[in-house]
Amino acid sequence: MKKKGFFVIFILLVVAVVLTIVFINLFREKDTGALVRNVHSTVTNGYLNKDDDKNKKIDEYLTQLATLGDLSDAQRNQVSNYLSAYAAFETFGDFFDREIVFTQYTNEYKNNRGAIENDFSKAQNAVDGLYGYLEVNKTSIGNSDFWVATSWNDCDDYMADIFNYTVDAINRLADVYQSSATSNLMRNDFTQVLFMATENLFAETTEKLTTDASAGRQVYTFVRRYFSEDGVNYILNYNYNDSLQGKVFKILENGTVAAEYQNLLDGSIVA
């Protein structure tokens, strides 16, 4: 009887394991809906919404800072780069909000979804912190340029977090997009080199954050050129443009040393 009882228990355990595996496979995430909702919420109700009150307040603050003589050259470059980068983030947010819905579940999605959502959450926390600081101290600020300049010592860490976490989220979203987007018209070799160039430009902005204010402007101009609602027409028409396909192939083959890569940066590749 003891052997029979042990056998019954063993069979029940095996059945339980099998049922658990079946349950997990039936109900685990198999689509990209969770990330679609997270991106949409961040763009429509969060810090990537250009019409959000917190966003507007931070934009006004950075714009005011960028013109102050009380800042050092390094600080002014830093502020200008953050200001341009934030505008680029908003354009990218709109792009992914429009397009990420047309994706399917892949390993790239599975491996990056959590990190992307975490990046957005931490960037939003930094936005909330900066906005809260500005609200608490708005009476002290008044019309004092000196106070505004001095406040940057308390606020630059917030902007660093917003910048770093959002750049990481965008780079990861690009990886997800290239592996998961279902439309060959919107996901192709051209989007691959566009995302590569964007990652390079963000890295250059990071490197030149305090030394060259044009770095942020360059990434903003690039993102607006190719990822705005009008700019995506270049992506849509890529499969019908033999000349552009040839230039993109050379970039994929030779990387940033290709002459065509500079044409990509300055926009003449689609002229």
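Here, every reference points to the structure presented above.
Given the structure is predicted, the values throughout are model-derived calculations rather than measurements.

**Some thoughts on the overall build of the protein**
Phase 1: Of the regular secondary structure elements, the protein holds 12 helices and zero strands.
Phase 2: Sequence-ordered secondary structure for the protein, helices as α and strands as β, is α-α-α-α-α-α-α-α-α-α-α-α.
Phase 3: Counting all 271 residues of the protein, 42% fall into the buried class.
Phase 4: By element, 52% of the accessible surface of the protein is carried by carbon and sulfur atoms, the whole surface being about 14,100 Å².

**Section: the side chain of N55**
Phase 1: Mapped onto the secondary structure, N55 falls in helix α3 (residues 53-66).
Phase 2: With residues near it in sequence (within four places) discarded, N55 still touches Y47, L48, N49, K50, Y86 and E90.

**Remarks on the layout of surface pockets**
With a probe scaled to a water molecule rolled over the atoms, the places where space remains empty come into view.
Phase 1: Counted as a void, the largest pocket has a volume near 220 Å³.
Phase 2: Lining the largest pocket are K50, A87, E90, T91, D94, R98, Y220, R224, S228 and E229.
Phase 3: Elements that contribute at least two residues to the lining of the largest pocket include exactly α4 (73-99) and α9 (214-227).
Phase 4: The residue makeup of the lining of the largest pocket, split by class, is two nonpolar, two polar and six charged.

**Considering the pattern of salt bridges**
Phase 1: Across all of its chains, the model carries six salt bridges by this definition.
Phase 2: Across the pair K54 and D128 runs a salt bridge whose closest N-O atoms are separated by 2.8 Å. Here the residue K54 occupies a position in helix α3, and D128 occupies one in helix α5 (residues 107-136), the gap between them amounting to 74 residues.
Phase 3: Among the residues examined, D128 registers a relative accessible area of 28% and is labelled partly exposed.
Phase 4: Where K250 meets E260, a salt bridge forms, and the shortest distance between an N and an O atom there is 3.8 Å. Remark: E260 occurs in helix α12 (residues 259-266) and K250 occurs in helix α11 (residues 242-254); sequence separation between them is 10 residues.
Phase 5: On the basis of relative accessible area, K250 is assigned to the partly exposed category, the value being 41%.
Phase 6: Judged by its relative accessible area of 16%, E260 is buried.

**Brief notes about the nonpolar core**
The tendency in soluble globular proteins is for nonpolar side chains to be buried as a group.
Phase 1: Ranked by size, the top nonpolar core spans 76 residues in total, and within it F96, W152, F190, F227 and L264 carry the most contacts.
Phase 2: A per-element tally of this core places helix α7 (residues 145-180) first, with 16 residues.
Phase 3: Per-domain counts for this core show at least three residues from each of domain 2 (32-231) and domain 3 (241-271).
Phase 4: Setting aside its immediate chain neighbours within four residues, L264 contacts F190, V193, L194, A197, F222, Y226, I251 and I269.

**A few points about empty space enclosed by the protein**
Phase 1: Summed over the entire model, instances satisfying the criterion amount to one cavity of 30 Å³ or more.
Phase 2: Estimated volume of the largest cavity: approximately 50 Å³.
Phase 3: Along the walls of the largest cavity sit V39, T42, V43, L48, F89, F92, G93, F96, F120, I170 and L173, which together make up its complete lining.
Phase 4: Looking at the lining of the largest cavity, the elements with two or more residues in it are α2 (33-44), α4 and α7.
Phase 5: Residue contributions to the lining of the largest cavity peak at four residues, all from α4.
Phase 6: Here the residues of the lining of the largest cavity are counted per class, giving nine nonpolar, two polar and no charged.

**Some thoughts on the packing of α2 against α4**
Phase 1: One way to put it is that α2 packs onto α4 with a least axis distance of 9 Å and a crossing angle of 140°. With respect to α4, the element α2 is oriented oblique. For the element pair α2 and α4, the recorded crossing hand is left-handed. Facing α2, whose interface residues are V39, H40, V43 and T44, α4 presents G93, D94, F96 and D97.
Phase 2: Here the contact of α2 with α4 is composed, by residue class, of three nonpolar, three polar and two charged.

What counts, and at which threshold
- Residues numbered from 1 in each chain as written.
- Predicted model: local features only at pLDDT ≥ 70, side-chain atom pairs only at ≥ 80, totals over all residues.
- Heavy atoms only, no water.
- Helix = DSSP H or I, 4+ residues; strand = E, 2+ residues; numbered from the N terminus.
- Buried < 20%, exposed > 50% of the residue type's maximum accessible area, 1.4 Å probe, protein only.
- Areas by Shrake-Rupley, 256 points an atom, 1.4 Å probe, with all protein chains shown as cover.
- Contact = heavy atoms within 4.5 Å.
- 1 Å grid on protein atoms, 1.4 Å probe; cavity = no way out; pocket = protein on both sides within 12 Å on 5 of 7 lines; lining within 4 Å.
- Points joined across faces, edges and corners; volume = space filled by probe spheres on them.
- Nonpolar A, V, L, I, M, F, W, Y, C, P; charged D, E, K, R; others polar.
- Salt bridge = Lys/Arg side-chain N within 4 Å of Asp/Glu carboxyl O.
- Core = buried A, V, L, I, M, F, W, Y, C linked by side-chain atoms within 4.5 Å.
- Domains from an automatic or database assignment.
- Axes fitted to C-alpha atoms, helices over the stretch in contact; angles between N-to-C directions.
- Parallel < 35°, antiparallel > 145°, perpendicular 65-115°, else oblique.
- Left-handed = near helix turned anticlockwise from the far one by under 90°.

Take it as geometry only, folks, not as evidence of what the structure does.
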